[in-house]
Amino acid sequence: EGEDYSVLTGELLLNKMKKDKSVVFVTAAVPSNVGFPKENREKAGNQYIDVGIAEEQAVAMCSGIAKNGGKPIFGTNATFIQRTYDQFSQDVCINQSPVTTILNYSSVLGLNDVTHLGLYDIAMLSNIPNLVYLAPTTKEEYLAMLDWSMEQNEHPVAIRTPGSTMISDGKEVTKDFSKINTYEMTQKGSKTALIGLGTFYSLAKEVAAEIEAKTGTKATVINPYYITGIDQAMLEDLKKDHDVVVTLEDGILDGGFGEKIARFYGNSNVKVLNFGLKKEFLDRYNVEDVLKANHLTKDQIVADILSTL
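Residues numbered from 1 in each chain as written. Predicted model: local features only at pLDDT ≥ 70, side-chain atom pairs only at ≥ 80, totals over all residues. Heavy atoms only, no water.

Considerations on the overall build of the protein
Looking only at helices and strands, the protein features 11 helices and 11 strands. Against the 2.2 N^0.38 benchmark of 19 Å for 309 residues, the protein shows a C-alpha radius of gyration of 19 Å, consistent with a compact globule. Structurally, the protein occupies a C-alpha span of about 60 × 40 × 35 Å along its principal axes. Residues classed as buried in the protein amount to 53% of the 309 residues present. Counting only contacts in the protein whose residues sit at least 6 apart along the sequence, the fraction spanning at least 24 positions is 79%. (Helix = DSSP H or I, 4+ residues; strand = E, 2+ residues; numbered from the N terminus. Rg over C-alpha atoms; globule rule 2.2 N^0.38 Å. Buried < 20%, exposed > 50% of the residue type's maximum accessible area, 1.4 Å probe, protein only. Contact = heavy atoms within 4.5 Å.)

As for the packing of helix α3 (residues 55-67) against helix α4 (residues 85-93)
Running from amino to carboxyl end, α3 crosses α4 at an angle of 10°, the nearest separation of the two axes being 9 Å. With respect to each other, α3 and α4 are oriented roughly parallel. Contact residues: Glu56, Val59, Ala60 and Ser63 in α3; Gln87, Phe88, Asp91 and Val92 in α4. For the contact of α3 with α4, the per-class residue count stands at 4 nonpolar, 2 polar and 2 charged. (Axes fitted to C-alpha atoms, helices over the stretch in contact; angles between N-to-C directions. Parallel < 35°, antiparallel > 145°, perpendicular 65-115°, else oblique. Nonpolar A, V, L, I, M, F, W, Y, C, P; charged D, E, K, R; others polar.)

Regarding empty space enclosed by the protein
In this structure the tally under the stated criterion is 1 cavity of 30 Å³ or more. In this structure, the largest cavity occupies an estimated 30 Å³ of space. Lining the largest cavity, in full, are Ala78, Thr79, Gln82, Leu117, Gly118, Leu119, Tyr120, Asp121 and Met124. A per-class count over the lining of the largest cavity returns 5 nonpolar, 3 polar and 1 charged. (1 Å grid on protein atoms, 1.4 Å probe; cavity = no way out; pocket = protein on both sides within 12 Å on 5 of 7 lines; lining within 4 Å. Points joined across faces, edges and corners; volume = space filled by probe spheres on them.)

Comments concerning the sheet that holds strand β10 (residues 242-252)
Taking strand neighbours across the sheet as the criterion, the 5 strands line up as β7-β9-β8-β10-β11 in an open arrangement whose pairing is mixed. Two strands in the sheet have a free side with no partner beyond their single neighbour: β7 (184-187) and β11 (271-277). Along the sheet, successive strands turn relative to each other by an average axial angle of 25°, direction set aside. Two elements, strand β8 (residues 191-196) and strand β9 (residues 220-223), share 3 bridges in a ladder whose sense is parallel. Opposite Ala193, over in β9, you have Thr220 as the bridge partner. Along the sheet, helix α9 (residues 257-264) contacts β8, β10 and β11; its crossing angle with β10, the most-contacted strand, is approximately 155°. (Pairing = 2+ DSSP bridges.)

Quick word on the side chain of Asn77
For Asn77, the position within the fold is in strand β3 (residues 71-77). For Asn77, a relative accessible area of 3% puts it in the buried group. Not counting the four nearest positions on each side in its chain, Asn77 is found in contact with Val30, Asn33, Asn104, Tyr105 and Leu111.

Examining the pattern of salt bridges
For the structure shown, the criterion picks out 14 salt bridges. Here Asp237 ties to Lys240 by a salt bridge, and the two come within 2.7 Å at their closest N and O atoms. A relative accessible area of 69% places Lys240 in the exposed class. Among the ionic pairs, Arg284 bridges to Asp283, the shortest N-O distance being 2.7 Å. (Salt bridge = Lys/Arg side-chain N within 4 Å of Asp/Glu carboxyl O.)

Observations regarding the sheet that holds strand β2 (residues 48-50)
Read from one edge to the other, the open sheet built from 6 strands follows the order β2-β1-β3-β4-β6-β5, with strand pairing classed as parallel. The sheet is open, and its two borders are formed by β2 and β5 (132-134), each paired with just one other strand. Strand-to-strand, the axes of this sheet are offset by a mean angle of 20°, without reference to chain direction. Across 3 bridges, the pairing between strand β1 (residues 23-27) and β2 is parallel. Within β2, the position partnered with Val26 by the bridge is Ile49. The strands touched by helix α1 (residues 5-19) are β1, β3 and β4 (100-104); relative to β1, the strand with the most contacts, the crossing angle is about 145°.

Section: the environment of Glu212
When you line up the elements, Glu212 lands in helix α7 (residues 201-215). Residue class for Glu212 comes out partly exposed when judged on its relative accessible area of 31%. Here Glu212 is in contact with Thr217 and Lys218, once residues within four sequence places are set aside.

Set out below in structure tokens:
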């Protein structure tokens, strides 16, 4: 119920198409999931392309469109990105083609059968050179990221839509996304820093509030935005007055975002706690059970943090 990321995507792209004939939206047989039901397809005309169940074709073609001056956007479900890993790496990222990719249902909170899990995209995509992979936390951030990605021509960009109910804070996004791998500290505290990626940024804020209630000490909260890199300057500065850095990510831990942070602090006295999902195939699961099994509830995370202080 309520607003939906696919509807927002369709509205923004149709407006772009009206003003700019070089904008092309490509999908692989999931048009409605990414904002293009029948009425939007008709409005888009030949600026809309559905290649059928052929993600490899979609991504390779988008690279060609971008290299020839077009503005291609590829939209699909995160679970299908494994089919076109080669084209992402070989066609798009080696050539630094400015292709925008929108990945839906990239979350433990999304599709839940074993062949449609959106849990592995971070580990798969975040380790391809040249790719900028973004994780918005709100409607406003998502729209700002999508707008920036379509207008820039230096980077291949993917955007991971949050898996939870849409959050809209009404704030104007002034961040310059071209300053790659620069995080935002949204609350300055001490002792504990919480880095909440995408969907789990709101969980990081809840944990911070609970820590302050229990200890009287305000925790630092960080919105990293960028899945594919680390903000070395900010992470280095945290060493001055923080004992524990906590990462929260809506994906598997192996090869994921948190491990990059842990590696940075490996030769320091800062402890790092990585919260995410273990590497496994789940099938038709209960979300609450999975979150609890992976210590991803607010109370579990707070208890784990306090045990280290």
